[in-house]
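Single-letter residue listing:
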Amino acid sequence: MVFPKFNTTFLFLLWLLLLINNGVEAFHKVYPHLQSVSTISVGTQHRTGYHFQPPKHWINGVKICDFASNTGPMYFNGFYHLFYQYNPNGSVWGNIVWAHSVSKDLINWEAVEHALYPSKSFDKYGCWSGSATIVPGIGPVIQYTGIADEKQTQVQCYAIPEDLKDPHLRKWVKPDDSNPFVVAENPVNGSAFRDPTTAWWSKDGHWRIVVGSRRKDRGVAYMYRSKDFKKWVRSKHPLHSRKDTGMWECPDFYPVSLKSNLGMDASAEGNQTKHVLKNSLDVTRYEYYTLGTYRRDKDRYVPDKTSEDGWGGLRYDYGNFYASKSFFDPSKNRRVIWGWANESDTKEDDVRKGWAGIQAIPRTVWLDTNQRQLLLWPVEELNNLRGKEVNMNNQKLEKGEKVEVKGITAAQADLEVEFSIPSLEKAEKYDDKWVDAQEACANKGSNVEGGVGPFGILTLASEKLEEFTPVFFRIFKDKKKHVILMCSDARRSSLKGDLYKPTFGGFVDLDLTKDKKISLRSLIDHSVVESFGAGGKTIILSRVYPQLAVLKQAHLFVFNNGTEPITMEKLKGWDMKSAQIK
């Protein structure tokens with residue numbers, strides 16, 4: 001398996017153009033004329049049934065408590081705690097507070113009082129993203145970025161529960177005597193200094209955290225150490241940095257096991273571990289990660305030679321997915337990643353429907369056996385929402401053939417398909433002029449006949465296919481090896497014109513010469529198509545807003561538009577019940 005090389009300079013220019021032409025922008029812009037005290041009505045046509053979103057208004061970002069070594073179960077007093085940025089007054093960014101919901105199973109949630117809101121001199125102008133750590137002898141500690149003045153000076157602050165006996169941790173206090181606990185000092189850029197990670201404890205007697213920043217165009221992860229979790233000192237040099245990547249938002253740094261798919265506590269280290277450094281790039285609004293080695297004696301992280309660092313690097317998700325945060329769940333020995341997906345319609349649409357932003361389904365993460373990438377898969381608790389089941393097996397799909405999946409509600413479903421490819425001989429030659437997988441998908445859509453593929457599914461489709469969102473594979477030859485392309489294409493997703501309808505794409509690191517099979521799982525939820533290729537090797541989340549293919553008018557098809565016949569060996573589909581999100 002081989003991946004084509006990326007031209008990073010071209011990518012940078014390409015994304016600058018996309019930012020300008022498609023209205024993708026930083027989410028710290030306030031829209032005073034679109035803020036409202038309340039919403040008269042909430043649009044339900046495209047609201048999700050089992051993805052987390054509050055009843056109304058704007059959400060972004062996500063924070064969940066993580067744990068230091070030897071602190072017991074993940075949940076505190078029997079509950080998972082979800083914190084997210086929320087605008088209580090409207091469905092655009094602004095008036096941000098840290099909203100707070102609790103759960104027993106990561107799927108069904110109940111809102112409690114807001115955890116944080118601007119109230120002190122050090123966060124008077126905003127309480128931005130951060131993390132939480134459970135500290136032995138202290139309990140949960142929220143670490144977050146406070147905006148201290150009109151110049152957007154960013155400082156790192158903390159809050160603790162008012163009552164540790166309260167299982168919901170409803171109220172939080174910000175100690176005045178030790179806040180902020182970190183203030184930017186030269187040469188750190190004080191207006192680009194945010195999003196502290198979960199802290200981890202090292203055997204040398206220090207706590208450590210990472211804060212995202214930039215120096216000119218260089219993305220930076222600064223490291224801070226503390227012996228008492230109160231006084232923090234910056235390391236002599238960053239944990240890691242990379243030129244031409246811009247501001248590193250929402251950094252995440254954690255270990256993964258070389259020996260099993262079980263999760264690891266944030267403080268784990270040693271020769272049986274590899275580390276992950278993830279950052280969210282403010283310029284592209286996408287996330288990238290590398291796998292590498294953490295050298296604690298030097299406070300350095302070194303990416304593997306097989307893990308590209310920067311624009312062409314690996315991603316958790318090749319679609320609409322940002323500001324993710326992971327946490328270790330010792331109750332099930334797993335690491336779980338949460339990510340946020342914003343809307344792809346206009347701000348005015350968001351105001352009309354009364355809500356904006358959702359959370360992706362939480363995903364368990366572990367290291368692939370090839371040790372070159374991570375695998376991500378929906379948490380097992382999601383399966384409890386599965387209802388009626390349908391099955392289709394051993395169905396051959398000739399060129400141009402499509403088969404409808406009937407018997408389940410196509411607008412709110414979970415679908416698993418395994419495809420078998422009889423021969424790779426007809427695979428097309430990969431075009432080296434394509435910059436990346438996304439451009440390849442845009443040039444070779446689901447209706448463009450190929451040799452091996454495109455084949456996959458048509459989700460949220462209208463009866464006569466005026467609207468559909470295809471998720472599909474296409475296989476190419478490149479220098480005697482095969483390139484597997486996975487695409488999710490929103491260009492035909494809606495008859496509505498003023499929407500952002502991107503084509504998303506990623507490569508799949510899979511050797512088809514041994515076993516010519518590839519799987520696809522898609523979580524379909526009204527305005528979300530969240531797809532997992534090859535057991536979680538490549539993932540794409542798309543936001544779409546069909547006008548015809550809604551509710552009971554939505555259809556679901558399996559298709560093949562390649563000249564090589566494809567066999568649908570196994571298909572299982574389920575109606576999905578709605579989660580209880582109060």
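Under the annotation held in an unreviewed UniProt entry, the protein chain carries the name Acid beta-fructofuranosidase and is attributed to Vigna mungo. Reading the Sequence similarities (unreviewed entry) entry of the UniProt record for the protein chain gives the comment "Belongs to the glycosyl hydrolase 32 family." Under the heading Catalytic activity (unreviewed entry), UniProt records this for the protein chain: "Hydrolysis of terminal non-reducing beta-D-fructofuranoside residues in beta-D-fructofuranosides."

Enquirer: Explain the pattern of salt bridges to me, and be specific about the residues and the numbers.
Expert: Tallied over the entire structure, the rule returns 39 salt bridges. Among the ionic pairs, Arg386 bridges to Glu416, the shortest N-O distance being 3.1 Å. Placement of the pair is Arg386 in strand S26 (residues 386-397) and Glu416 in strand S28 (residues 412-420), with a sequence separation of 30 residues. Classification of Arg386 by relative accessible area gives buried; the value is 18%. One salt-bridge network, held together by shared partners, links Asp204, Arg208, Arg225, Glu269, Arg296 and Asp299.

Enquirer: An account of the sheet that holds strand S38 (residues 566-576) is requested, with residue identities and associated values reported.
Expert: Judged by pairing direction, the sheet is antiparallel, and its 6 strands sit side by side in the order S26-S38-S28-S34-S35-S36 without closing on themselves. This sheet does not close on itself; its edge strands, each paired only once, are S26 and strand S36 (538-543). In this sheet, neighbouring strand axes are inclined to one another by 15° on average, regardless of whether the strands run parallel or antiparallel. Judged from the 8 bridges that link them, S28 and S38 form a sheet pairing that is antiparallel. Residue pairing for S38: Leu415 is matched across the bridge by Gly573.

Rules used in this analysis
- Residues numbered from 1 in each chain as written.
- Predicted model: local features only at pLDDT ≥ 70, side-chain atom pairs only at ≥ 80, totals over all residues.
- Heavy atoms only, no water.
- UniProt positions renumbered as here; feature names shortened; annotations may be inferred.
- Salt bridge = Lys/Arg side-chain N within 4 Å of Asp/Glu carboxyl O.
- Helix = DSSP H or I, 4+ residues; strand = E, 2+ residues; numbered from the N terminus.
- Buried < 20%, exposed > 50% of the residue type's maximum accessible area, 1.4 Å probe, protein only.
- Pairing = 2+ DSSP bridges.
- Axes fitted to C-alpha atoms, helices over the stretch in contact; angles between N-to-C directions.

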